[in-house]
Amino acid sequence: MPKTSYYTATTLDGYIADADNSLQWLFEADSGDNSEFADFFASVGAFAMGRTTWEWVIDHEDLRADPGKWHGYYGDVPAWVFSNRPLEPVPGVDARFVRGDVRPVHAEMTAAAAGKDIWLVGGGELVGQFADAGLLDELIVGVAPVTLGGGAPLLPRRLESSRLTLTGVRQVHQFAYLTYAVS
């Protein structure tokens with residue numbers, strides 16, 4: 001059965017981006033050879049992210065100058081980008097810009113994924129909307145050895161422990177990966 005997973009990195013103090021919406025902190029910790037993500041992404045048939053994440057990835061990786069990099073990272077897996085304002089597409093990138101209720105978009109993503117999993121990239125507020133709609137099956141959180149003292153929270157929602165079941169703990173270089181099933 002395909003899953004909808006929030007696979008992300010967080011700081012020890014629970015932030016996925018700093019106060020300037022930067023992920024630069026993530027690249028300072030030793031995460032190894034990226035095989036952890038590659039193994040996860042091999043099971044993904046569709047993914048979603050918010051506008052802030054989209055803009056950071058596009059700008060940080062300079063994808064407007066070299067859109068081919070996107071395919072190096074994500075292949076031909078389609079992406080849905082949630083935004084309340086128009087965004088500029090990147091030529092050759094299968095990104096579908098959407099807004100509103102996550103439920104019909106999740107149905108589109110599920111159909112496009114053709115039996116594979118759905119990855120919720122972030123941000124936390126977008127993932128919270130999927131959780132609110134009962135569409136979040138799993139949290140996979142790589143905890144990095146850094147604190148920011150503020151920024152974008154991992155998940156700005158209250159999820160009671162009764163809804164979360166720890167299903168995995170592992171160390172990958174300096175990261176601690178925690179996996180929880182969400183009910």
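The following refers to the structure shown. (Residues numbered from 1 in each chain as written. Predicted model: local features only at pLDDT ≥ 70, side-chain atom pairs only at ≥ 80, totals over all residues. Heavy atoms only, no water.)

**A look at the overall build of the protein chain**
Link 1 in the chain: Counting secondary structure elements, the protein chain contains five helices and 10 strands.
Link 2 in the chain: Relative to the compact-globule value of 16 Å for 183 residues, the protein chain shows a C-alpha radius of gyration of 16 Å, a close match.
Link 3 in the chain: The dimensions of the protein chain, computed from C-alpha atoms along their principal axes, are 40 × 35 × 30 Å.
Link 4 in the chain: Relative to its full complement of 183 residues, the protein chain shows a buried share of 45%.
Link 5 in the chain: In the protein chain, the proportion of contacts linking residues at least 24 apart, taken out of those at least 6 apart, comes to 74%.
Link 6 in the chain: Distance between charge centres in the protein chain, computed from 13 positive and 24 negative side chains, equals 7 Å. (Helix = DSSP H or I, 4+ residues; strand = E, 2+ residues; numbered from the N terminus. Rg over C-alpha atoms; globule rule 2.2 N^0.38 Å. Buried < 20%, exposed > 50% of the residue type's maximum accessible area, 1.4 Å probe, protein only. Contact = heavy atoms within 4.5 Å. Lys, Arg positive; Asp, Glu negative; His and termini not counted. Charge placed at Lys NZ, Arg CZ, Asp CG, Glu CD.)

**Regarding the pattern of salt bridges**
When the charged atoms of two side chains with opposite charge come close together, those side chains can pair.
Link 1 in the chain: What the rule picks out here adds up to 10 salt bridges.
Link 2 in the chain: Ionic pairing is found between Arg64 and Glu88, a salt bridge with its closest N-O pair at 4.0 Å. Taken as a pair, Arg64 in the loop between helix H2 (51-60) and helix H3 (68-74) and Glu88 in the loop between strand S4 (79-82) and strand S5 (95-98) lie far apart in primary sequence, 24 residues in all.
Link 3 in the chain: Its salt-bridge partner being Arg96, residue Asp94 comes within 2.9 Å of it at the nearest N-O pair.
Link 4 in the chain: Its relative accessible area of 31% is what places Asp94 among the partly exposed residues.
Link 5 in the chain: Owing to a relative accessible area of 34%, Arg96 belongs among the partly exposed residues under this scheme.
Link 6 in the chain: Within the structure, one salt-bridge network assembled from shared partners comprises Arg51, Glu55 and Arg85. (Salt bridge = Lys/Arg side-chain N within 4 Å of Asp/Glu carboxyl O.)

**Quick notes on the environment of Ala111**
Link 1 in the chain: Tracing the sequence through the fold places Ala111 in helix H4 (residues 102-113).
Link 2 in the chain: Through-space distance from the C-alpha of Ala111 to that of Asp30 is 36 Å; in sequence the pair is 81 residues apart.

**Focus: the layout of surface pockets**
Link 1 in the chain: One number sums up the size of the largest pocket: a volume of about 1,300 Å³.
Link 2 in the chain: As for the largest pocket, its lining consists of 46 residues, of which Leu23, Thr53, Val57, Trp119 and Val121 are closest to the centre.
Link 3 in the chain: No other element matches H2, which puts six residues into the lining of the largest pocket.
Link 4 in the chain: For the lining of the largest pocket, the class distribution of residues is 24 nonpolar, 17 polar and five charged.
Link 5 in the chain: Volume-wise, the second largest pocket comes out at about 170 Å³.
Link 6 in the chain: Broken down by secondary-structure element, the contributors of at least two residues to the lining of the second largest pocket are strand S1 (4-11), strand S7 (138-144) and strand S10 (175-182).
Link 7 in the chain: Grouping the amino acids of the lining of the second largest pocket by side-chain chemistry returns 10 nonpolar, one polar and no charged. (1 Å grid on protein atoms, 1.4 Å probe; cavity = no way out; pocket = protein on both sides within 12 Å on 5 of 7 lines; lining within 4 Å. Points joined across faces, edges and corners; volume = space filled by probe spheres on them. Nonpolar A, V, L, I, M, F, W, Y, C, P; charged D, E, K, R; others polar.)

**Digging into the pairing of S10**
Link 1 in the chain: Note that S7 and S10 share six bridges and pair antiparallel. Residue pairing in the sheet places Leu139 in a bridge with Tyr180 of S10.
Link 2 in the chain: Looking at chain direction, strand S9 (residues 164-172) and S10 are connected through eight bridges and run antiparallel. Bridged to Gln171 within S10 is Ala176.
Link 3 in the chain: In this structure, the hairpin formed by S9 and S10 is closed by a connection of two residues, where His173 is found at a positive phi of approximately 55 degrees. (Pairing = 2+ DSSP bridges.)

**Observations regarding the side chain of Glu138**
Link 1 in the chain: Along the chain, Glu138 falls in strand S7.
Link 2 in the chain: Of note is the side chain of Glu138, whose polar atom sits 2.8 Å from the side chain of Ser5.
Link 3 in the chain: If sequence neighbours within four positions are ignored, Glu138 has contacts with Lys3, Thr4, Ser5, Tyr6, Thr179, Tyr180 and Val182. (Polar contact = N/O pair within 3.5 Å; in protein donor to acceptor, adjacent residues only side chain to side chain.)

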